[in-house]
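These are the residues of each chain, in order.
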Amino acid sequence: MEAYKQEFIDFMVESDVLKFGEFTLKSGRKSPFFMNAGGYVTGSQLKKLGEYYAKAIHDTYGDDFDVLFGPAYKGIPISVVTAIAYSELYGKDVRYCSDRKEEKDHGADKGSFLGSKLKDGDRVVMIEDVTTSGKSMEETVPKVRNAADVEIVGLMVSLNRMEVGKGGEKCALDEIKELYGFDANAIVTMEEVVEHLYNKECNGKVVITDEIKAAIDEYYDKYGVK
């Protein structure tokens, strides 16, 4: 596993963004882990977050894209900090764009988007925190494709939960690729998280104990991709 991925896993735990215990997800599933990108709240955390996204995007998609699109709401700050990091790390200026939940009907920037306008010929990388079912893409992809004649290069999320999506057979990221025709990737997978954290200290304590590991294994027996 690349060093930045190991650092990112530790960073999620240290930032109290990736937690272990018992959580009820939006889908109704009872999960032994939970990730909330809204937990990145300080300047130093957001700077690091942007750097990890930029490294993963650069490794996965290279430099041949123009816009980072972050769906409202959590995708907005992620796309902004990643655009900054991309400029600093790789010397390439990319634009950011996000959608609005409600269209703005006044001012010079009225419309359905904030940040850069999408233009014909733009190559777009979508950016999100995490996707369990891929439902957010149902709303976002048509918005982006209807705004201009763009090509969506791919999607990058923080964490691949590696569980079945809406179709009940493939993981959400694979379903997105099949439905919309672009790659979907994550900075890290839950398999990598478990491999890195199991019975190891992080932030002064063992995060994935034998008990937590057993709960994760049981969860994936039920909801994991076969």
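Residues numbered from 1 in each chain as written. Predicted model: local features only at pLDDT ≥ 70, side-chain atom pairs only at ≥ 80, totals over all residues. Heavy atoms only, no water.

(A) Focus on the overall build of the protein chain. Broken down by element type, the protein chain carries seven helices and eleven strands. In summary, the protein chain has a C-alpha radius of gyration of 18 Å against a globular reference of 17 Å for 226 residues, a match within 12%. Dimensions along the principal axes, computed over C-alpha positions, put the protein chain at roughly 55 × 40 × 30 Å. Taken across its 226 residues, the protein chain has 49% of its residues classed as buried. When contacts within the protein chain are restricted to residue pairs at least 6 apart in sequence, long-range pairs at least 24 apart make up 70% of them. Accessible area of the protein chain: about 11300 Å², with a carbon and sulfur share of 46%. Averaging the coordinates of the 30 positive side-chain charges in the protein chain and doing the same for the 41 negative ones gives two points 4 Å apart. (Helix = DSSP H or I, 4+ residues; strand = E, 2+ residues; numbered from the N terminus. Rg over C-alpha atoms; globule rule 2.2 N^0.38 Å. Buried < 20%, exposed > 50% of the residue type's maximum accessible area, 1.4 Å probe, protein only. Contact = heavy atoms within 4.5 Å. Areas by Shrake-Rupley, 256 points an atom, 1.4 Å probe, with all protein chains shown as cover. Lys, Arg positive; Asp, Glu negative; His and termini not counted. Charge placed at Lys NZ, Arg CZ, Asp CG, Glu CD.)

(B) Main features of the nonpolar core. Membership of the largest hydrophobic core comes to 48 residues, with the highest contact counts inside it found for Phe20 and Val193. Looking at which element gives the most residues to this core, the answer is helix α2 (residues 43–61), with seven residues. Setting aside anything within four residues of it in sequence, one finds Val193 in contact with Ile9, Met12, Leu18, Phe20, Leu159, Val188 and Ile208. In terms of nonpolar packing, the next biggest core, distinct from the first, is built from 21 residues, Met126, Val141, Tyr180 and Ala186 among them. (Core = buried A, V, L, I, M, F, W, Y, C linked by side-chain atoms within 4.5 Å.)

(C) Structural view of the UniProt feature "binding site: orotate" (unreviewed entry) in the protein chain. Within this structure's numbering, the places UniProt gives as "binding site: orotate" (unreviewed entry) are Thr132 and Arg161. With respect to the helices and strands, Arg161 occurs in the loop between β8 (151–160) and α5 (172–180). Within polar-contact distance, the side chain of Arg161 engages the side chain of Ser31 at 3.0 Å. (UniProt positions renumbered as here; feature names shortened; annotations may be inferred. Polar contact = N/O pair within 3.5 Å; in protein donor to acceptor, adjacent residues only side chain to side chain.)

(D) View of the packing of aromatic side chains. What the rule picks out here adds up to 13 aromatic pairs. Their ring planes at 50° and their centres at 5.0 Å tell us that Tyr86 and Tyr90 sit as a pair that is tilted. Pair noted here: Tyr86 and Tyr90 are both in helix α3 (residues 75–90), with a separation of four residues, about one helical turn. Classification of Tyr90 by relative accessible area gives partly exposed; the value is 27%. Between the aromatic rings of Tyr219 and Tyr223, the centroid separation amounts to 5.0 Å while the plane-to-plane angle is 55°, which identifies the pairing as tilted. Taken together, the positions of Tyr219 and Tyr223, both in helix α7 (residues 210–223) and four residues apart, correspond to about one turn of that helix. Under the relative-accessibility criterion, Tyr219 is labelled buried at 4%. Clustering of aromatic rings is evident, with ring pairs tying together Phe8, Phe11, Tyr40 and Tyr52. The ring of Tyr198 has Lys213 sitting right over it, with the charged end atom 5.5 Å from the ring centre. (Phe/Tyr/Trp six-rings, centres within 6.5 Å; stacked < 30°, edge-to-face > 60°. Lys NZ or Arg CZ within 6 Å of the ring centre and 35° of its normal.)

(E) Here's a closer look at the packing of helix α1 (residues 3–14) against α2. Put simply, α1 and α2 touch, their axes get as near as 11 Å, and they point 145° apart. The way α1 lies across α2 gives a crossing that is left-handed. For the pair α1 and α2, the contacting residues are Tyr4, Glu7, Phe8 and Phe11 in the first and Gln45, Lys48, Leu49, Tyr52, Lys55, Ala56 and Asp59 in the second. Residue classes in the contact of α1 with α2 are distributed as six nonpolar, one polar and four charged. (Axes fitted to C-alpha atoms, helices over the stretch in contact; angles between N-to-C directions. Left-handed = near helix turned anticlockwise from the far one by under 90°. Nonpolar A, V, L, I, M, F, W, Y, C, P; charged D, E, K, R; others polar.)

(F) Expanded view of the side chain of Glu163. Counting through the fold element by element, Glu163 comes out in the loop between β8 and α5. Look at Glu163 and you get buried, because its relative accessible area is 2%. One polar contact links Glu163 to Arg161, side chain to side chain, over a distance of 2.6 Å. A distance of 2.8 Å separates a polar atom in the side chain of Glu163 from a polar atom in the side chain of Tyr219.

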